[in-house]
Amino acid sequence: MFSSRSTRSVGLRNSTDSSLTAPSGELPSQNVPPSDPEAAPISQNSQGIDTLPNAGIHGPIPDDFDFDGRIILPDGITRFELPLAVRIRENVEIEDFNNSSILKTIGVKNTPAPRPDDMDIGPPLKPLYYHADDE
């Protein structure tokens, strides 16, 4: 256990701030395409109904979907055997990934219903690496 160490995470905190805007200053829903070519493929069940891989449901995503629950960061990773520089470098990449995912999820949330059947939220957020206060 790491109970003798005080830890804090580097970077983005848990947030449900829906006031995030894209770098262009537009609302995220205005610059999220209905179909993302880099997104995970949509799978079909035996009846041919599409399942959105990130939302885990059949499209379209309803208004009562738990968008806010999908933009909360998971608990951080305590891997102190990794050098601090490596953990910081990894956190920068993880923050970029998480920010893109959050913007995509908020964009879908801000898209008025009915949403396209293939419009999916961002992928699950990744945990950040912790660092000790004395590092």
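Because the structure is predicted, anything quoted here is derived from the model rather than measured. (Residues numbered from 1 in each chain as written. Predicted model: local features only at pLDDT ≥ 70, side-chain atom pairs only at ≥ 80, totals over all residues. Heavy atoms only, no water.)

## So, the overall build of the chain
Part 1 of the argument: Within the chain, the secondary structure is distributed over one helix and four strands.
Part 2 of the argument: Within the chain, the fraction of its 135 residues that count as buried is 28%.
Part 3 of the argument: Look at the contacts in the chain between residues 6 or more apart in sequence, and 76% of them connect residues 24 or more apart.
Part 4 of the argument: For the chain, the exposed surface amounts to about 8200 Å²; the carbon and sulfur share of it is 52%. (Helix = DSSP H or I, 4+ residues; strand = E, 2+ residues; numbered from the N terminus. Buried < 20%, exposed > 50% of the residue type's maximum accessible area, 1.4 Å probe, protein only. Contact = heavy atoms within 4.5 Å. Areas by Shrake-Rupley, 256 points an atom, 1.4 Å probe, with all protein chains shown as cover.)

## So, the packing of aromatic side chains
Part 1 of the argument: Within the structure shown, the criterion is met by one aromatic pair.
Part 2 of the argument: Note on F65 and F67: the rings are 5.1 Å apart at their centroids and 70° apart in plane angle, and the pair reads as edge-to-face. An identical accessibility class is assigned to F65 and F67; each is buried.
Part 3 of the argument: When the ring centre of F97 is taken as origin, the NZ or CZ atom of K126, which lies over that ring, is 4.1 Å away. (Phe/Tyr/Trp six-rings, centres within 6.5 Å; stacked < 30°, edge-to-face > 60°. Lys NZ or Arg CZ within 6 Å of the ring centre and 35° of its normal.)

## Some points on helix α1 (residues 84-109)
Part 1 of the argument: Taking 1.5 Å per residue, 26 residues should reach 38 Å; α1 reaches 36 Å between its end C-alpha atoms and fits that length.
Part 2 of the argument: Where α1 is buried, its residues touch β4 (130-132). (Expected span 1.5 Å × (residues − 1).)

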